[in-house]
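# Topology and contacts: notes
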Amino acid sequence: MIVCAAICPAAPLLVRDLTGAEEVAPDLRHACLAAVAELTAAKPEVIAVVGAGSRTGVWNDGAALDLARYAPGHGVANGQRPADADRMVLPAALGVGAWLLTQAGSPASRLLQAVAPDEPAGACAAIGADIAGSRERVGLLVMADGSARRGLKAPGYLDERSAGFDAEIEKAVRKGRIDALLAVDEVLARDLMAAGRPAWQVLAGALEGRKVSSEIRYCDDPFGVAYLVASLRVQGEPSTSWA
Amino acid sequence: MGEQSVLRLGKRSFSPGQLLLMAIVNRTPDSFFRPGETWDEQTAMQRARQAIAEGADIIDIGGVPAAPGQDVGVREEIRRTAGFIAAVRAAFADVVISVDTWRHEVAREACAAGADLINDSWGGWDDKLAAVAAEAGAALVCSHAGGQPPRTRPHRVSYDDVVTDVLAHTQRLAGRAVAAGVDPARIVIDPAHDFGKNTWHSLEVTRRLSELTATGWPVLVSVSNKDFVGETLDVPLPDRLAGTLATTAISAWQGARIFRAHDVVQTRQVLDMVSAIRGDAPPARAVRGLA
């Protein structure tokens, strides 16, 4: 059963070592760390990190982000570089999520769940239901980005449809209407480079039938990608306020 | 020796990966580059202030041009430099101050006024200089000028191998300085481009600078707007910045640690760029592709 959930973007720039001398978007990083701290404070037995990967599957729970893939010369975040680098490349979404958990000092065991970009909504929801049913107390860290086409300087240039698309996601989360995420259009999400679509739908499956209240901790697009940070409190579960 | 280690200048310590910018502030009416620009003391102070703000680590203050010209005696050289050094020291407690002189009498007064480093470009012509550095606890630049007396131009100079000569002379001076009591962590060597060298020699020294850095002594290069740059590119004084910066980058890549320069902003950028390429310093801000 899900006791608490958090949504964070999967941006590698959250990892402090990757942005150089200057701290980039510290407010974003602090929001993510606060959300993860709340998740940790709910004392789940396991925290499932869900994010986009090239294929659907569960990763070794000790895997960590290989910083050298992004910044040659850097090591592995909080871990050892895997011996078989080709097979062990952890998707950025899971690696950044694992990094956040380590930063927050989370003692919970981890389940690193990658979801393929073309995984249908129904399959995503089923994965979410499985995660929710796996233990008594499960925390869920959803590493999901909105559109990467939110401006002329965005990674994917401007697509005018982005603003409306991301606003709908934010509204669903803010109002606790997580089931609405199941209706996110797969083709539109792909067009808008919204890599978070499968992870949102895993979240929807995991929280099906639960009453949820939420706190939006961050909602902005400083680099042309929609970043949403939120804490989701599941009714019936006491959760610490980190306001 | 071999490995580069910590360099001490004044109260400060610098690791091998730190590239230090030495900004030139001439207290002369007739230096070769922008002559007389900082002859006036107030203007010179403004120049020092600006250089520090722009990223200079060391202020190099000199009272005598390198080129031949009107004689400047010991007393006049002291008059031009010591008071100004004291003023810079009073204004900037932590900045490293260098005095550009070959004369031990001037060096002694300069150190008393607050200089941390004696920058002798003339190859240890005055053999009492090292003792002054030792007595003041100052750092010393041991350079190669091909045995030429101060303020003379090279005329038909030749070497079996210029780099071998530079290595032998600078290491001999460094050894002499250690014997005189100079802290080994406060000794720097300088091939002294253009000093006792034609353009081919300065290019060879630049090409093979790694042989100097391999000695383990910190290497200073003073290449800013010099004639070897002008002759290489066939450009007059105002147009030597690009050649200067190219030489700076090549020298930094080979491990030089101090860079004496007129153009602080551009040189700082070159050094910061090389540091990042070498992996000694991170980029200022990396976001591209990581959002």
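Here we summarise the structure given alongside this text. (Residues numbered from 1 in each chain as written. Chains lettered and ligands numbered in written order. Predicted model: local features only at pLDDT ≥ 70, side-chain atom pairs only at ≥ 80, totals over all residues.)

### Side note on the interface of chain B and chain A
It is common to give the size of an interface as the accessible area that goes away when the parts come together. Across the boundary between the two partners, chain B contributes 9 residues, which contact 15 residues of chain A. Partitioning the side of chain B that touches chain A into residue classes produces 7 nonpolar, 1 polar and 1 charged. (Contact = placed C-beta atoms within 7 Å. Nonpolar A, V, L, I, M, F, W, Y, C, P; charged D, E, K, R; others polar.)

### Here's the deal with the sheet that holds strand S1 (residues 2-8) of chain A
Residue and element names in this part refer to chain A. One open sheet holds the 7 strands; their spatial order is S3-S4-S2-S5-S1-S7-S6, and the pairing between them is mixed. Only two strands of the sheet have a single partner each, and these edge strands are strand S3 (57-59) and strand S6 (212-220). Recorded for the sheet is a direction-independent mean angle of 20 degrees between the axes of neighbouring strands. Where S1 and strand S7 (residues 227-234) come together, 4 bridges link them in antiparallel fashion. (Pairing = 2+ DSSP bridges. Helix = DSSP H or I, 4+ residues; strand = E, 2+ residues; numbered from the N terminus. Axes fitted to C-alpha atoms, helices over the stretch in contact; angles between N-to-C directions.)

### Focus: the nonpolar core
The biggest cluster of nonpolar side chains holds 90 residues, and the ones touching the most others in it are Ala 6, Val 96, Leu 140, Leu 141, Val 142, Met 143 and Leu 203 of chain A. In terms of residue count, the dominant contributor to this core is helix H2 (residues 92-103) of chain A (8 residues). When neighbours within four sequence positions are excluded, Met 143 of chain A is seen to be in contact with Cys 8, Ala 10, Val 49, Val 50, Gly 51, Ala 93, Leu 94, Val 96, Gly 97 and Ala 199 of chain A. Counting 76 residues, the second-largest nonpolar core is a separate cluster that includes Ala 107, Leu 117, Trp 122 and Cys 142 of chain B. (Core = buried A, V, L, I, M, F, W, Y, C linked by C-beta atoms within 7 Å. Buried ≥ 20, exposed ≤ 12 C-beta atoms within 10 Å, placed from the backbone.)

### Observations regarding the sheet that holds strand S4 (residues 58-62) of chain B
All names here are of chain B. Across the sheet, which stays open at both edges, the 8 strands sit in the order S8-S7-S6-S5-S4-S3-S10-S9 with parallel pairing between neighbours. On the outer flanks of this sheet lie strand S8 (187-190) and strand S9 (220-222), each paired with one strand and no other. Strand-to-strand twist of the sheet, defined as the mean angle between neighbouring strand axes without regard to direction, takes the value 25 degrees. This element, helix H1 (residues 41-53), spans strand S3 (20-26) and S4 of the sheet and lies at about 170 degrees to S3. Strands strand S7 (139-143) and S8 of the sheet are contacted by helix H5 (residues 162-180), whose axis makes an angle of about 150 degrees with S7.

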